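Structural characterization, general
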Amino acid sequence: MALSIKHLLGLDGVSREDIQEILDTAVTFREVIERPIKKVPTLQGKTVVNLFYENSTRTRISFELAERRLSADSLNFSVSTSSVTKGESFKDTVRNIEAMKVDMIVVRHASAGVPQYLTRISGSKIINAGDGTHEHPTQGLLDMYSIREKLGHLEGVRVCIVGDISHSRVALSNIYGLTTMGAKVSVCGPATMIPPFIKELGVDVYYNIDDAIQANDVLNVLRIQLERKAREYFPSIREYQKFYGIDTQRLEKNKKDVLILHPGPINRGVELSAEVADGEHQVILDQVTNGVAVRMAVLFLLGTQN
Ligand code: CP
């Protein structure tokens, strides 16, 4: 089934049918990446540029692998080795890359709205790989895929997103996607890190992590984004860890069978103890593996439709 969207800019407004189609298509690609030869000819002849204006480990490598496994020609752009360092504008950079005849652009940028802007100045299919504190739709999709893989369904699953909600593009994409798929979404964190509008998105708010653990099936634990000045929103890292950090004692005290996700990179010993980050409750590396399959599905579905 073709998607009703032309670009993947966010999960806000993406239909249940489109999300279902992406997740179901990803199941097929998840099987492909377990094969000895992990490659299909689906996007042969297509060219995809990974336009990363912000650092990334998981998302950039995952997109690059997904593109290669679909047999697309995959190019990586990084600011530090480009003519951006000589003052070339974003618009000129994109227009020059497009003049080389590319088909799709995967973009990560520190400013919210850049993927939307790209749809106006470019003729390529655009995929948002994270724009500022706005959205990170493929992370939301891979999180949903990982929950569905582990629990069998999304409808009615109680998912709490824990931590720095205000600075998190992962939180918004999870809220939009999970709500559309019928999950019951909540957030938990210090009041200073929960935006006032959040209840308007249909989510419950917890300020006490023990209450959140008891009431939910899944915790999606976010990284404290120290590079976005998150440190100014609580008195000390030690205090954050004490009130919101997830460790074995806290899990045992409350509810042992909660599923733990984390988008990475982890601040070990802050939002998750090392024991929990490597322990039996978490599916963090499964998320990373599933991310390749989900990105293959998005690239395939958008790249093969007009
Ligand atoms: N989860 C995520 O977006 O990680 P990277 O910043 O390493 O891509």
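Located above this text is the structure these notes cover.
Residues numbered from 1 in each chain as written. Predicted model: local features only at pLDDT ≥ 70, side-chain atom pairs only at ≥ 80, totals over all residues. Heavy atoms only, no water.

Some thoughts on the nonpolar core
So the rule is basically this: Each nonpolar core is a collection of buried residues, namely Ala, Val, Leu, Ile, Met, Phe, Trp, Tyr and Cys, held together in the definition by side-chain atoms within 4.5 Å. Relative accessibility thresholds used throughout: buried, under 20% of the residue-type maximum; exposed, over 50%; partly exposed, between the two (1.4 Å probe, protein chains only). Put simply, DSSP marks the helices as runs of H or I at least four residues long and the strands as runs of E at least two long, and each gets a number from the N terminus on. Each domain span listed reflects an automatic or database assignment of domains. Any two residues whose heavy atoms approach within 4.5 Å at even a single point are treated as in contact.
If you look at the biggest cluster of nonpolar residues, it comprises 62 residues, and the most contacted ones within it are Ile 127, Leu 141, Met 144, Val 187 and Leu 299. For this core, the element with the highest residue contribution is helix 11 (residues 284-303), accounting for nine residues. Taken domain by domain, this core gets at least three of its residues from each of domain 1 (16-135 + 288-303) and domain 2 (137-283). Apart from the residues within four sequence positions on either side, Val 187 is in contact with Cys 160, Ile 161, Ile 165, Ile 175, Ile 194, Ile 198, Val 203, Asp 204, Val 205 and Tyr 206.

Observations concerning the packing of helix 5 (residues 137-151) against helix 11
Which entries qualify depends on this criterion: Angles run from 0 to 180 degrees between N-to-C directions of axes, and those axes are lines fitted to C-alpha atoms, restricted for helices to the stretch in contact. In this scheme, a crossing is called left-handed if the near helix is turned counterclockwise away from the far one by less than a right angle; it is called right-handed if the turn is clockwise. Residues are grouped as follows: Ala, Val, Leu, Ile, Met, Phe, Trp, Tyr, Cys and Pro are nonpolar; Asp, Glu, Lys and Arg are charged; every other residue, Gly included, is polar.
Close contact between helix 5 and helix 11 brings their axes to 8 Å; oriented N to C, the two are set at 120 degrees. The interaxial crossing formed by helix 5 with helix 11 has right-handed handedness. Between helix 5, through Thr 138, Gln 139, Leu 141, Leu 142, Asp 143, Tyr 145, Ser 146 and Glu 149, and helix 11, the contact on the second element is made entirely by Asp 286, Gln 287, Asn 290, Gly 291, Val 294, Arg 295 and Val 298. For the contact of helix 5 with helix 11, the per-class residue count stands at five nonpolar, six polar and four charged.

Section: the site of the ligand
Operational definition: Summary of the distance rule: residues count as near a molecule or strand when at least one heavy atom falls within 4 Å of that molecule or strand. Within 3.5 Å is the distance limit for a polar contact, defined as a pair of N or O atoms, with the added protein rule that one can donate a hydrogen and the other accept it, and that residues adjacent in sequence qualify only through two side-chain atoms. Method for areas: the Shrake-Rupley scheme with a 1.4 Å probe, in which residue coverage is limited to the protein chains shown.
Neighbouring the ligand are the residues Ser 56, Thr 57, Arg 58, Thr 59, Arg 108, His 136, Gln 139, Pro 263 and Gly 264. Contact between the ligand and Thr 59: an oxygen atom at 2.6 Å from a side-chain N or O atom of the residue. Within the backbone of Pro 263, a nitrogen or oxygen atom sits 2.8 Å from a nitrogen atom of the ligand. Considered on its own, the ligand offers 260 Å² of accessible surface; in the complex 91% of this is hidden by protein. Taken domain by domain, the shell around the ligand gets at least three of its residues from each of domain 1 (16-135 + 288-303) and domain 2 (137-283).

Some thoughts on the pattern of salt bridges
To be explicit about the condition: Any Lys or Arg side-chain nitrogen located within 4 Å of an Asp or Glu carboxyl oxygen qualifies as a salt bridge.
Per the counting criterion, the structure on display carries twelve salt bridges. Close ionic contact of Arg 68 with Glu 64 constitutes a salt bridge, the shortest N to O distance being 2.8 Å. Separated by four residues within a single helix, Arg 68 and Glu 64 lie in helix 2 (residues 58-69), roughly one turn from each other. A salt bridge links Asp 210 to Arg 250; the shortest N-O distance between them is 3.2 Å.

Brief notes about the packing of aromatic side chains
This is how the line gets drawn: Here is the rule: rings of Phe, Tyr and Trp (six-membered ring for Trp) pair when centre to centre is within 6.5 Å. Planes less than 30 degrees apart are stacked, more than 60 are edge-to-face, and the remainder are tilted.
Going through the model one piece at a time under the given rule, you end up with six aromatic pairs. For the pair Tyr 53 and Phe 90, a centre-to-centre distance of 5.2 Å together with 65 degrees between the ring planes defines the contact as edge-to-face. Placement of the pair is Tyr 53 in the loop between strand 1 (47-52) and helix 2 and Phe 90 in helix 3 (residues 90-98), with a sequence separation of 37 residues. With a relative accessible area of 16%, Phe 90 lands in the buried category. With 6.2 Å between their ring centres and 35 degrees between their planes, Phe 90 and Tyr 117 make a pair best called tilted. In this pair, Phe 90 is assigned in helix 3 and Tyr 117 in helix 4 (residues 114-121), connecting sequence segments 27 residues apart. Through a chain of ring-to-ring contacts, the aromatic side chains of Tyr 53, Phe 77, Phe 90 and Tyr 117 assemble into a single cluster.

What to know about the packing of helix 5 against helix 6 (residues 169-180)
For clarity, the cut-off: Orientation is classified from the angle alone, with under 35 degrees giving roughly parallel, over 145 giving roughly antiparallel, 65 to 115 giving roughly perpendicular, and any other angle giving oblique.
Across the interface, helix 5 lies against helix 6 with an axial gap of 8 Å and an inter-helix angle of 55 degrees. Judged by the angle between their axes, helix 5 and helix 6 are oblique. Our pair here, helix 5 against helix 6, has a crossing hand that is right-handed. Listed contacts from helix 6 to Pro 137, Gln 139, Gly 140, Asp 143, Met 144 and Ile 147 of helix 5 are Val 170, Ser 173, Asn 174, Gly 177 and Leu 178. For the contact of helix 5 with helix 6, the residue count by class is five nonpolar, five polar and one charged.

Structural notes on the sheet that holds strand 4 (residues 125-131)
Let me state the cut-off plainly: Whether two strands pair depends on DSSP finding at least two bridges between them.
Pairing is parallel across the open sheet formed by four strands, whose spatial order is 2-1-3-4. Only two strands of the sheet have a single neighbouring strand rather than two, namely strand 2 (73-78) and strand 4. Within this sheet the neighbouring strands show an average axis-to-axis angle of 15 degrees, counted without direction. Sheet analysis places strand 3 (residues 104-109) next to strand 4, joined by five bridges and oriented parallel. Paired with Val 106 across the two strands is Ile 127, which belongs to strand 4. Contacting strand 1, strand 3 and strand 4, helix 11 runs over the sheet at an angle of about 150 degrees to strand 4.

Things to note about helix 6
Formally: Here, expected helix span is obtained from the residue count minus one, scaled by 1.5 Å.
Compared with the 16 Å implied by 1.5 Å per residue over twelve residues, the 17 Å span of helix 6 between its first and last C-alpha is a close match. Buried residues dominate helix 6, accounting for ten of its twelve residues. For helix 6, the set of buried residues is Arg 169, Val 170, Ala 171, Leu 172, Ser 173, Asn 174, Ile 175, Tyr 176, Gly 177 and Leu 178. Its side-chain oxygen 3.2 Å from the backbone nitrogen of Val 170, Ser 168 forms the N-cap of helix 6.

Focus on the sheet that holds strand 5 (residues 158-162)
Strand order in this open sheet of five strands is 7-6-5-8-9, and the pairing throughout is parallel. The strands lining the two open edges of the sheet, one partner per strand, are strand 7 (204-206) and strand 9 (259-261). Sheet twist, expressed as the average angle between the axes of neighbouring strands with direction ignored, equals 25 degrees. Inspection of the sheet shows strand 5 paired to strand 8 (residues 218-221) by four bridges, in the parallel sense.

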